[in-house]
Amino acid sequence: MMLKTLSLSVVLGLALNVMPVEAQQAPSLLTLEQERVLSDSKAGQVILAEEARVRAELQSQGRQLDAELEAEELRLTGLRATTDPVEFRKLADEFDARVVSTRKEQEEKAAEAQANSEQARRLFFARVAPVLQAILQETGAGAVVEQRLVLISNQNLNITDEVIRRLDRDTQTDPSPTQDEKN
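Residues numbered from 1 in each chain as written. Predicted model: local features only at pLDDT ≥ 70, side-chain atom pairs only at ≥ 80, totals over all residues. Heavy atoms only, no water.

Visitor: Help me get a handle on the overall build of the chain, residues and values and all.
Guide: Looking only at helices and strands, the chain features 6 helices and 2 strands. When the helices and strands of the chain are listed from N to C terminus, the series reads α-β-α-α-α-β-α-α. Within the chain, the proportion of its 183 residues that are buried is 25%. Residue pairs at least 24 apart in sequence account for 83% of intrachain contacts in the chain once pairs closer than 6 positions are excluded. Accessible surface, the chain: about 13,000 Å² in total, of which carbon and sulfur atoms supply 57%. (Helix = DSSP H or I, 4+ residues; strand = E, 2+ residues; numbered from the N terminus. Buried < 20%, exposed > 50% of the residue type's maximum accessible area, 1.4 Å probe, protein only. Contact = heavy atoms within 4.5 Å. Areas by Shrake-Rupley, 256 points an atom, 1.4 Å probe, with all protein chains shown as cover.)

Visitor: So what about the nonpolar core? Which residues, and what values?
Guide: The biggest cluster of nonpolar side chains holds 17 residues, and the ones touching the most others in it are Val 37, Phe 124, Val 128, Ile 159, Val 163 and Leu 167. Of all elements in the fold, only strand E1 (29-32), helix H2 (34-40), helix H3 (42-80), helix H4 (85-139) and helix H5 (160-173) reach the threshold of two or more residues within this core. With 6 residues, the top contributor of residues to this core is H4. Ignoring anything within four residues of it in the chain, the contact list for Ile 159 reads Leu 30, Thr 31, Leu 32, Leu 132, Ile 135 and Val 144. Formed by 6 residues, the second largest nonpolar core is a distinct cluster that contains Leu 69, Leu 76, Phe 88 and Phe 95. (Core = buried A, V, L, I, M, F, W, Y, C linked by side-chain atoms within 4.5 Å.)

Visitor: Report on the packing of aromatic side chains, specifying residues and quantitative values.
Guide: Following the criterion strictly, the structure yields 1 aromatic pair and no others. When the ring of Phe 124 is compared with that of Phe 125, the centres are 4.9 Å apart and the planes differ by 80°; the resulting orientation is edge-to-face. The exposure class of Phe 124 is buried, given its relative accessible area of 4%. (Phe/Tyr/Trp six-rings, centres within 6.5 Å; stacked < 30°, edge-to-face > 60°.)

Visitor: How would you explain the side chain of Glu 146 if you had to name every residue and give the values?
Guide: Structurally, the position occupied by Glu 146 is in strand E2 (residues 143-146). Aside from chain neighbours lying at most four places away, what touches Glu 146 is Leu 32, Glu 33 and Gln 34.

Written out as structure tokens, the structure reads:
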């Protein structure tokens, strides 16, 4: 079955390449690699660098908190033999509550970082939309689809490099999001 599909794809690809130029019309679909637009454009790289910085900061804080809690746990374990059982239970319960609270705070920070990351990406792709619209108008195409969703296509329909080029050009003239993009 796969060989049959591959053969059909090859035949279709060859047919598209041998069509006379005058028979070819404006493409109905263009393709775009969204992740590459994010990773390869200057504005996208700023977003990814900030995500990496926040992630590293959270990981560092997490390791530090883990080390502090582990040291506290060892200290409590050392007190167990010499402390009144009722007093020790109180200390252990306080420690457990602190552990739960600390983990909850870290989870909240991670969730906030994730929400901020998603918002930054939404703003980024909002800045991509006018570039895509301009390319659609210029080419007469009807739509832009994610490259990963396309089984096979003519690579001339992939506009990723052009989108990155235009975004980088626009970023040099206006690197900050507009007030509307921030809201």
